[in-house]
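Structural characterization, general
So the chains spell out like this:
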Amino acid sequence: ATKNVPGLSVNKTIYSINNDTNVSSVQSVNVDDTIVYKIEVENTGNVTLSNINISDTLKKDSTSDSALTLYSDEACTTEFSETFSLAPNASKTLYAKYTVTAADAGKELTNSATASNGTISDTDETPAVPVKVQHTITVNVVNGTGRRAF
């Protein structure tokens, strides 16, 4: 008799930055960049898994306790909030969108996702991506009279 062996695998990657999917060599991101993460969950065992839930460590923004919204499409228009089941060798792909904030500047963004059905779980983390610090310089132009030109 074949033994029932549950198995679950999750793989989280950066899918796009500002709608550009050529992200294999991303070195850094900027404030206001929009990152779409791809979360692939696969049943690697030989029994159907039910009540699978995805949790994400990244919050909607630096002042929020709310997790990122999950979507069933890479354009992040169709929200996906329910649990799901996977037959053996089946997989599901979900997406999450994050907009880099000024509070992220000078830090590294790391993000992990965990897939769990209460019995078995797996976690995967994206590589750390530095957020560039952007400096703003204000220049006041003064005309020959010593008055500010407008």
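Note that residues are indexed from 1 along each chain, following the sequence as it is written. Per-residue local features are limited, in this predicted model, to residues with pLDDT of at least 70; the limit for side-chain atom pairs, both in listing and counting, is 80 or more; totals at the level of whole chains, interfaces and linings are taken over all residues. Calculation of side-chain values draws on the structure's entire complement of heavy atoms; hydrogens and water are dropped beforehand.

Whenever a carboxyl oxygen of Asp or Glu lies within 4 Å of a side-chain nitrogen of Lys or Arg, that contact is scored as a salt bridge. Taken as a whole and judged by the stated rule, the model has two salt bridges. A salt bridge links K12 to D56; the nearest nitrogen and oxygen atoms lie 2.3 Å apart. Taken together, the residues K12 in strand β1 (residues 8-17) and D56 in strand β3 (residues 49-56) connect sequence positions 44 residues apart. Exposure categories follow from relative accessible area, calculated using a 1.4 Å probe and restricted to protein chains: below 20% of the type maximum is buried, above 50% is exposed, and the middle band is partly exposed. Overall, the relative accessible area of 2% leaves K12 in the buried class. Ionic pairing is found between E40 and K38, a salt bridge with its closest N-O pair at 4.0 Å. Numbering goes from the N terminus for both helices and strands, where a helix is a DSSP run of H or I of at least four residues and a strand is a run of E of at least two.

Next up on the list: the environment of I14. Mapped onto the fold, I14 is located in strand β1. When the C-alpha atoms of I14 and K38 are compared, they prove to be 6.0 Å apart, with 24 residues separating the residues in sequence.

Further remarks concern the nonpolar core. Among the buried residues, those of types Ala, Val, Leu, Ile, Met, Phe, Trp, Tyr and Cys that are joined through side-chain atoms within 4.5 Å form a nonpolar core. Formed by 30 residues in total, the largest nonpolar core has its most connected members in V29, I35, V41, I52, I54, F84 and L109. Those elements that place two or more of their residues in this core are β1, β2 (34-43), β3, β5 (84-86), β6 (91-99) and β7 (108-116). Every residue in contact with L109, bar those within four places of it in the chain, is listed here: V29, I35, Y37, L58, Y98, V100, D104, P127, A128, V129 and V131. Note on contacts: a residue pair is in contact if any heavy atoms of the two residues lie within 4.5 Å.

Everything listed here is a matter of coordinates, which is why it stays silent on function.
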